[in-house]
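# Overview (structure and organization)
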2 protein chains.
Amino acid sequence: MTAERATAAVLIIGNEILSGRTEDANLAYLGRRLTDLGVDLREARVVPDVRATLVAQIDQLRREHDYLFTTGGIGPTHDDITAECVAAALDRPLIENAEARALLVERYGHDGLTPARLRMARTPTDAALIANPVSAVPGFRVANVYVLAGIPDVMRAMFESVAHTLTGGPRLLTATVVAPLREGDLAEPLRAIQEQHPDAEIGSYPFYSSAQFGASLVIRSADPDVLQTVLDAVRAMVRELGAQPLSEEVEPEARRS
Amino acid sequence: MTAERATAAVLIIGNEILSGRTEDANLAYLGRRLTDLGVDLREARVVPDVRATLVAQIDQLRREHDYLFTTGGIGPTHDDITAECVAAALDRPLIENAEARALLVERYGHDGLTPARLRMARTPTDAALIANPVSAVPGFRVANVYVLAGIPDVMRAMFESVAHTLTGGPRLLTATVVAPLREGDLAEPLRAIQEQHPDAEIGSYPFYSSAQFGASLVIRSADPDVLQTVLDAVRAMVRELGAQPLSEEVEPEARRS
């Protein structure tokens, strides 16, 4: 099943996230939206703005996945090196993109287009710009690499402007059963259900609050019939263990009539 | 400077984070605490619980860094495969750890120690347990790999119980100047300051709110004198650009008397 689905990686560029100064707000958004689009986000990496690291990681991830999304490092300051690193990773020249330059002139005027701002017009050759409705400075796509801003509002707007162009596989449908059970008590029957249904992916995510332990059992499959069958089996398992689900959630698309 | 400092990587194991179902809450904590301890967190990766992926990444990251911290995948269910992957990555046998088993017996009793729970007693050979004051199930350290829980409260307690054993370099001191300036207007003088002071790391993090753009200029150095010199230069730059800092923050340890 996995072989048929498009895969993606996310590369989050930013020393401030590794130092704990800033919490990343982009990964969860991209994960949800790519899932919606039927694209499997298979890996995310957070790296500092060190040229050799960036070039190597961009090159590896764009080869291993159908799509690579980068966030951050596209501004005008000395620590904004994403464009040059993408160019190096793809072995393309870094050029001044005429269309990007025109957008910056429109925004800042000829007088305001300092050398630092002009850096933001640089892209590898054959890049398609990604519009930035918030602050004009564009992102770009080159081959399968999508270069997005780091500021969450801007990143989201950029992603949404390319989302319709992404080719995903069948969307993974999800059903969740939250059970007031310890994982140690449900692990064996849950494993048996997983082994009987290799077409579904079953995850168990334990939690506790107010000294009450429980687990969210998450079933994912592209096939609504498989999803329903496994959901029924998980519900039955919870009851056989003497409990009632605390809550259930089934995506509307996955409900049977 | 970097060569003298201890480095670390974090490997966050969990499909639910890649699907956007759950937001990771561990990376920012680990980033802050490692920075406190003088350890440079150089990379973080979020990966699914796929055995081949995990083994390869654990092996790569533990070779490249002084410390590798993993979070998640140490429970009793079929998708908890961290211990076996760490053993495979380090080419050590996976054993039933007698000390871990004793902790589980104490917690669950002999009768409650189901085969699924007994999986949580497995570690590679020569592992040192990491206490879990919340739910008894231990993490472990083997060589330079620290295997921690994914639940944030438990992860934090585990990290704190080993924090004193980590050998960091001199702590990086940080000063931040928040300026009501566009990055495009400060990028050139800021680059000049960075080039004059290669012993400091200067980052610029743009933000905007209520249509007001600004940038947080973050200076990091292990040397308090370098920090102060660069801070003075950045302050002077902001004033030369006709602005006043909106706020400043200097770590107490970095203040001159």
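The structure under discussion appears in the preceding block.
### Considering helix H9 (residues 224-240) of chain A
Residues and elements named next belong to chain A. Compared with an ideal rise of 1.5 Å per residue, which puts 17 residues at 24 Å, H9 spans 24 Å between its outermost C-alpha atoms and is within 8% of the ideal. Of all the residues in H9, the buried ones are Val226, Leu227, Gln228, Val230, Leu231, Val234, Met237 and Val238. Its buried side turned inward, H9 meets strand E9 (173-179), helix H8 (183-196), strand E10 (201-209), strand E11 (212-221) and strand E12 (247-250). The distance from a side-chain oxygen at the start of H9 to the backbone nitrogen of Asp225 is 2.8 Å, and the residue carrying that oxygen is Asp223. Immediately downstream of H9, the backbone of Gly242 shows phi near 85°, a positive value.

### Observations regarding the relation of the copies chain A and chain B
Superposition of chain A onto chain B requires a rotation of 180° combined with a translation of 0.0 Å along the rotation axis, giving an RMSD of 0.0 Å. With respect to symmetry, the two chain copies, as superposed, fit the operation of a two-fold axis. Distance from the rotation axis, computed per C-alpha, reaches its smallest value in chain A at Arg45 of chain A: 2.1 Å. Counting the interface residues of chain A, we find that 100% of their copies in chain B are interface residues as well, pointing to one common contact surface.

### A closer look at the interface of chain A and chain B
Tallying the contact residues gives 63 residues for chain A and 63 residues for chain B. Between chain A and chain B lies a buried interface of about 5000 Å² when both sides are counted; carbon and sulfur atoms form 54% of it. Inspection of the region where chain A meets chain B yields two salt bridges. Arg117 of chain A is paired through a salt bridge with Asp185 of chain B; the nearest N and O atoms lie 3.2 Å apart.

### With respect to the pattern of salt bridges
Residue and element names in this part refer to chain B. Counted according to the given criterion, the structure contains 32 salt bridges over all chains. Salt-bridge contacts for Arg45 lead to Glu43; the nearest nitrogen and oxygen are separated by 2.5 Å. The pair formed by Arg45 and Glu43 is uniform in burial state, with each residue classed as buried. A salt bridge links Glu84 to Arg119; its shortest N-O distance comes to 3.5 Å. Here Arg119 lies in the loop between helix H6 (115-118) and strand E5 (122-124) and Glu84 lies in helix H4 (residues 82-89), a separation of 35 residues in the sequence.

### Some points on the packing of H8 of chain A against H9 of chain A
Residues and elements named next belong to chain A. Running from N to C, H8 and H9 cross one another at 160°; their axes reach a closest spacing of 10 Å. It follows that H8 is roughly antiparallel to H9 by the angle criterion. In this structure, the crossing between H8 and H9 has a hand that is right-handed. On H9, the residues that touch Leu186, Pro189, Leu190 and Ile193 of H8 are Val230, Ala233, Val234 and Met237. Partitioning the contact of H8 with H9 into residue classes produces eight nonpolar, no polar and no charged.

### Considering the sheet that holds strand E11 (residues 212-221) of chain B
Strand pairing in a sheet is mediated by backbone hydrogen bonds. Such pairs are either parallel or antiparallel. All names here are of chain B. Read from one edge to the other, the open sheet built from four strands follows the order E10-E11-E9-E12, with strand pairing classed as antiparallel. Edge positions in the sheet fall to strand E10 (201-209) and strand E12 (247-250), since each has one partner strand and no second. Between one strand axis and the next, the sheet turns by 15° as a mean value, whatever way the strands run. Examined bridge by bridge, E10 and E11 share nine bridges and lie antiparallel to one another. Across the sheet, the residue bridging to Ser209 is Gln212, located in E11. Sitting on the sheet, helix H9 (residues 224-240) is in contact with strand E9 (173-179), E10, E11 and E12, with an inclination near 160° to E11.

Rules used throughout
- Residues numbered from 1 in each chain as written.
- Chains lettered and ligands numbered in written order.
- Predicted model: local features only at pLDDT ≥ 70, side-chain atom pairs only at ≥ 80, totals over all residues.
- Heavy atoms only, no water.
- Helix = DSSP H or I, 4+ residues; strand = E, 2+ residues; numbered from the N terminus.
- Expected span 1.5 Å × (residues − 1).
- Buried < 20%, exposed > 50% of the residue type's maximum accessible area, 1.4 Å probe, protein only.
- Contact = heavy atoms within 4.5 Å.
- Polar contact = N/O pair within 3.5 Å; in protein donor to acceptor, adjacent residues only side chain to side chain.
- Least-squares fit on C-alpha atoms with pLDDT ≥ 70 in both.
- Buried area = accessible area lost by both parts, 1.4 Å probe.
- Salt bridge = Lys/Arg side-chain N within 4 Å of Asp/Glu carboxyl O.
- Axes fitted to C-alpha atoms, helices over the stretch in contact; angles between N-to-C directions.
- Parallel < 35°, antiparallel > 145°, perpendicular 65-115°, else oblique.
- Left-handed = near helix turned anticlockwise from the far one by under 90°.
- Nonpolar A, V, L, I, M, F, W, Y, C, P; charged D, E, K, R; others polar.
- Pairing = 2+ DSSP bridges.

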